[in-house]
Each structure stands twice: as C-alpha cells, then as structure tokens.
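Results of the structural survey
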Amino acid sequence: MELWGYGGSLKILRVAVFGGVTAIVLSLFGIALTWPGRGRRGLVISVAALFIVGPTLVTPLYWNYSKSKLPPIQDISTDRENPPVFWDAPTSRVYAGTAAAKQQLAAYPDIQPLTISSPIGQVFNQAVSLVHERGWKLVAAEFDEGRIEATVTTFWYGFKDDVVIRLTEVDTGVRVDMRSASRF
C-alpha cells in the first residue's frame, strides 16, 4: 500500500518480531503456571497463544537466518562476464563486477544461461508472455535488440527489482540471459 518506506517497514518488522518472541516467552510462562494440578485456569489460552504466535515468527526468522548464510548480493546475472544492460528500467545500477560474480557463483552455482532451440521470435513472445503471467510490470520489449525489461514488486514490503532479459541467437537456438537488480 506504500504507506511508509522501506526503512519504516523493517523497523515495524523488528518490533513485531520482538513482540512475538515476548509473547512466546509469556505463553510458555503461562503454560508453566497453569499446568493441570496447579489450581489455576488459563492453560488453553496460553497454549493457543503459543500456537498462534509461533508460526507467524517462522517467516521473519527464516529471512534473518538466510541473510546470515547468503552473500549480500543485490544484482544477479546468468552471464557474469557480460551481464545484460538496463536501458529503460528505472535502475541506475552498474554491475558490481568480478567480486560479486565470484560470490554469486559460490552461493548460486545453478544460475546459468538457458539455450532454447526455437526461433528467436517465438522465444521473445514466450518471454514477454511470461513477464505478464508473473505479474511483472513490462518496461520495454525491444525485439530488434533482443531485450525485455520489467519491474518486479515483491509481495512483502513492496521491494522493487528491475529485470532485463537478453536474447541472443546462437548455433543451437536462442541463448537467454537474465539479470535482476534490486533497487535497495
């Protein structure tokens, strides 16, 4: 809804996680105090609170765990030596170069170019259709240049990533390279 910016969203998330962890501790304390035979009511409420709050913390705690295990790369490309270039998307990113390419290769070795044995026009149209199917905002579709650009907005927090798809005719068909760069 874009009511507040990126920094505000992360602050709200931190406060919510802290509140959730506090609620879990209080739930466990409540369970201990109301365990059958202690003469106190509230066991069901304490257990219910634990089962409601616990699962809601899984996603932000997983994000934090992933952040600690993966390199801080905000620009990923299938072609690490000659990445596709943005022309129309509102990003001003310059590819980070060999240091980022080495980190990307170590963290995501399976991100590679795709070669499709179909005519370039068909591959181009399929790629544009895929952009629309995914709900991305098409920024440019230049068939003569073999370039498609789009903006992807994440569900959580509305982060925007700019994406460029480059199609190149090769002996075996069409080589498809893709690059995604976060604006944050």
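Structure report, in brief. (Residues numbered from 1 in each chain as written. Predicted model: local features only at pLDDT ≥ 70, side-chain atom pairs only at ≥ 80, totals over all residues. Heavy atoms only, no water.)

Quick word on the pattern of salt bridges
Test applied: By definition here, a salt bridge exists when the distance from a side-chain nitrogen of Lys or Arg to a carboxyl oxygen of Asp or Glu is within 4 Å. Classification of residues uses two cut-offs on accessible area relative to the type maximum, computed with a 1.4 Å probe and protein chains only: under 20% is buried, over 50% is exposed, and between them is partly exposed.
Applying the stated criterion across every chain yields a total of nine salt bridges. A salt bridge links Glu149 to Arg147; its shortest N-O distance comes to 2.5 Å. As a salt-bridge pair, Asp177 and Arg175 come within 2.7 Å of each other at their nearest N and O atoms. Classification of Asp177 by relative accessible area gives buried; the value is 1%.

Focus: helix H3 (residues 98-107)
Short version of the rule: Where helices and strands are cited, they refer to DSSP runs of H or I of at least four residues and of E of at least two residues respectively, numbered from the N terminus. Throughout, the arc means the angular range of directions from the helix axis out to the C-beta atoms. Here, two residues are considered to be in contact whenever any of their heavy atoms come within 4.5 Å of each other.
Every buried residue of H3 is accounted for by Ala100, Ala101 and Gln104. The arc enclosing the buried residues of H3, seen along the axis, measures out at 100°, which places them on a common side. Across H3 from its buried face, at more than 90 degrees, point the exposed residues Thr98, Ala99, Lys102 and Ala106. Buried residues in H3 make contact with strand E1 (75-77).

Describing the pairing of strand E3 (residues 137-142)
Applicable threshold: Following DSSP output, two strands are said to pair if at least two bridges run between them.
Note that E3 and strand E4 (residues 147-153) share five bridges and pair antiparallel. Bridged to Lys137 within E4 is Thr151. Remark: four residues form the turn of the hairpin made by E3 and E4, two consecutive strands paired antiparallel; Gly146 in that turn has positive phi of roughly 65°.

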